[in-house]
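Residue-level listing of the chains:
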Amino acid sequence: MIVSMQDKGEALLSKCSKGFKSLVRRKQVDSVHVRREGHQLARKLTALDLTAIGVGTTIGAGVYVLVGTVAREHTGPALTVSFLIAGLAAALSAFCYAELASRCPSAGSAYHYAYICIGESVAWLIGWSLILEYTIGGAAIARGISPNIALFLGGEGNLPAFLVRHTIPQLGVVVDPCAAILVLIVTILLCAGIKESSLVQTIVTTVNVCAMLFIIVAGGYLACKTGWVGYELHGGFFPFGLNGMLAGSAIVFFSYIGFDAVTGAAEETKRPLRDLPLGIGMTLTLCCILYMLVSVVIVGLVPYYALNPDTPISSAFSANGMQWAAYIVTAGAVTALCASLMGSLLPQPRLLMAMARDGLLPAFFSDISTRTQVPVKSTVTTGMLAAVLAFFMDVSELSGMVSVGTLLAFTVVAISILILRYAPPEEVPLPSSLQQFIDSVRKQLDDDSQSMERKEFNDADIVEQSPSQSDHGEASIQYPLIEKQFSEGNQDKQNPRRRRNIAVWNIALFCIGVLVLTSAASAEYLPRLMGHVLNVLKANRLRISYHISLECGMTKHDFIIVYKSNILMLLIVLLGCISLVRFSFGTVGAAILLCSLVVLACLNQDEARHSFGHTGGFLCPFVPFLPAACILINAYLLMSLGVGTWIRVSIWLIMGALVYISYGWRHSSLTNAVYVPMAYLDHIYRASSSHQV
């Protein structure tokens, strides 16, 4: 009986261990050894094409509206500095993306990198979040195009009848045919081929950039004529102080989201090791320069408090007698939205294709057209879904969910850089069909290793059997080289393993410290929540206490004074406790963060990083400090998002977990994979290729 229970316990433990290992299993970097079945994506994109895709996706119509709101409420004339700080913060993620894109140039972007460096469950989480981001982002952009087209044509009444928004009386739903048609047009264009769609993207992005250059040149000319009145204010350059400028940086940071779309076309790039980092760098640099120049001009044309929050650029030109410039600004906004729509719909089919290749989604999504060499089925599916959402739903309330997917991806990419540098995967998965070659190579290498150990042991015996070896000191003097090599060989085998374990634990501790610190720093809603609770308590307690006070002979006036003083004292105590708890948690998180970062900085980076993936590409500088700063910034922005956004995202993630458990976990291509050390890989492929010959 006891033996049976022990067997059941061991079986349950083995099953749990196997289930946990399946959550952290990692796939192999796509390399010359990996041969894709079926047709391949067409490698036709250059660095210029990638830059057009990145700039088009990044510069949306938000900049045409965002500058007014941020300048009026947060920064004042310091808006340019806010854009610069936000651009530098985005550059941290761009550096991490650039290295991983050149080392692992495959479709899937952050999902692909997480699958290689962290594990399958985290990769699924990122992939599922990015699916939501691209779908809602595309629908939201499409819903914003029709009002701008109507504005450009002089009003909604000038639109054709079949493009005008109207309300379904029975449902109270505002449908937008123009948005749905635009999504379908972009979907057809994406199905035509990557080179054709990138050419259209380049044209549309060029028009958008020309519109922004017009704003910069014409606005600068007007500002020179009027004497840059926006900067001659009594409040100075920082009317809202340093905190306002930093708050503005956090808001305009989201204007830089979109450069990661470059990595979605990694498999279609001619020279990925060079063009992918170049495309990411050129995208971010160009966007930052344009944002800063536009903000310099607009804030200088009129005082920041006079900017129209809805149409800041048009109103600034109108205030200086250039009403006709509104047409050019509106044209820029329309082209910016069209380019962003194309950029949002381009990466999602490649992401679905990558997830289907790995078995986490049905194979339907991995099919590639023989004629156009693009994933047509995935493109049509995502385009139809986005068109339906754009037609029926006003997804502006869900736009915050787009930021969650992007920030999660940025954070995971930075963590992947730390893992790649300090603890890259030691084993790679191979298909079970190569089992006989794996066993043969493993036996051969083990025999060689044993023979080497026997040789070392015999060499050590020579030392032991020497007549002059009366003690350890004499032996080390007589045979110093043999003893030194023998001891160094054992240290070389132990030290890398110990160093890797230390690195892994400190990376985990750093992430925990960041989570604790950012949670404490962003928990500003707690005092407001406590205020609401106290109001409820006050309303209920007031009635009870008043009746008790009357029975005790206290007057109504005295009762109100005592009651208010008690409530005030209680509020002060509670707020003090909350502040103390937040400060304590923040201090603990900061201590964990700093200690783990110092340990990582003192550790040597793993030598295996040099042979990981495709070598010779871009390398992220200042590791571990740059990825650590990237993780901290993105985690803070994630924690600062509203509670309602996180509730909606949590529902989506729970749905994703159910899909993964019911399908992805069971059909993963790594289910029956055999993991072998990296050192065995070349020997196994050589053995299998010679057998096939």
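Only a predicted model underlies this, so the values are computations on that prediction, with no experimental measurement involved. (Residues numbered from 1 in each chain as written. Predicted model: local features only at pLDDT ≥ 70, side-chain atom pairs only at ≥ 80, totals over all residues. Heavy atoms only, no water.)

A.B. asks: What am I meant to see in the environment of Ile59 here?
C.D. replies: Note on placement: Ile59 falls in the loop between helix 2 (47-58) and helix 3 (62-75). By relative accessible area, which is 0% here, Ile59 ends up buried. Residues Ile59 and Phe259, spaced 200 residues apart in sequence, show a C-alpha to C-alpha distance of 9.5 Å. If near-sequence neighbours (up to four positions away) are discounted, Ile59 is found in contact with Asn208, Met212, Cys287, Leu290, Tyr291, Ala336 and Ser340. (Helix = DSSP H or I, 4+ residues; strand = E, 2+ residues; numbered from the N terminus. Buried < 20%, exposed > 50% of the residue type's maximum accessible area, 1.4 Å probe, protein only. Contact = heavy atoms within 4.5 Å.)

A.B. asks: Explanation requested: the nonpolar core in the structure shown.
C.D. replies: One finds Tyr64, Tyr97, Ile215, Ile298, Ile313 and Leu341 to be the most contacted residues of the largest nonpolar core, which totals 157 residues. Residues within four places of Leu341 in sequence aside, it is in contact with Gly138, Ile141, Ala142, Ile145, Leu182, Val183 and Val186. Core analysis: the second largest hydrophobic core is formed by 12 residues, Val428, Val441, Tyr680 and Leu681 among them. (Core = buried A, V, L, I, M, F, W, Y, C linked by side-chain atoms within 4.5 Å.)

A.B. asks: Would you explain the state of the cysteines in this entry?
C.D. replies: As used here, a disulfide is simply a covalent bond connecting the sulfur atoms of two cysteines. Per the counting criterion, the structure on display carries zero disulfides. The closest cysteine sulfur to the non-disulfide-bonded Cys104 is located on Cys117, 6.0 Å from its own sulfur. Judged by relative accessible area, which is 1%, Cys104 ranks as buried. No disulfide involves Cys630; its sulfur sits 4.8 Å from the nearest other cysteine sulfur, which is in Cys96. Assessed through its relative accessible area of 2%, Cys630 is described here as buried. (Disulfide = S-S within 2.5 Å.)

A.B. asks: Looking at this structure, how should I read the environment of Tyr64?
C.D. replies: With respect to the secondary-structure elements, Tyr64 resides in helix 3. With relative accessibility at 5%, the residue Tyr64 sits in the buried group. Along the primary structure Tyr64 and Pro312 are separated by 248 residues, whereas in three dimensions their C-alpha atoms are 7.1 Å apart. Not counting residues up to four positions away in its chain, the partners in contact with Tyr64 are Asn208, Ala211, Met212, Ile215, Asp310, Pro312, Ile313, Val329, Gly332, Ala333 and Ala336. In this structure the side chain of Tyr64 is engaged in a polar contact, spanning 3.0 Å, whose partner is the side chain of Asn208. (Polar contact = N/O pair within 3.5 Å; in protein donor to acceptor, adjacent residues only side chain to side chain.)

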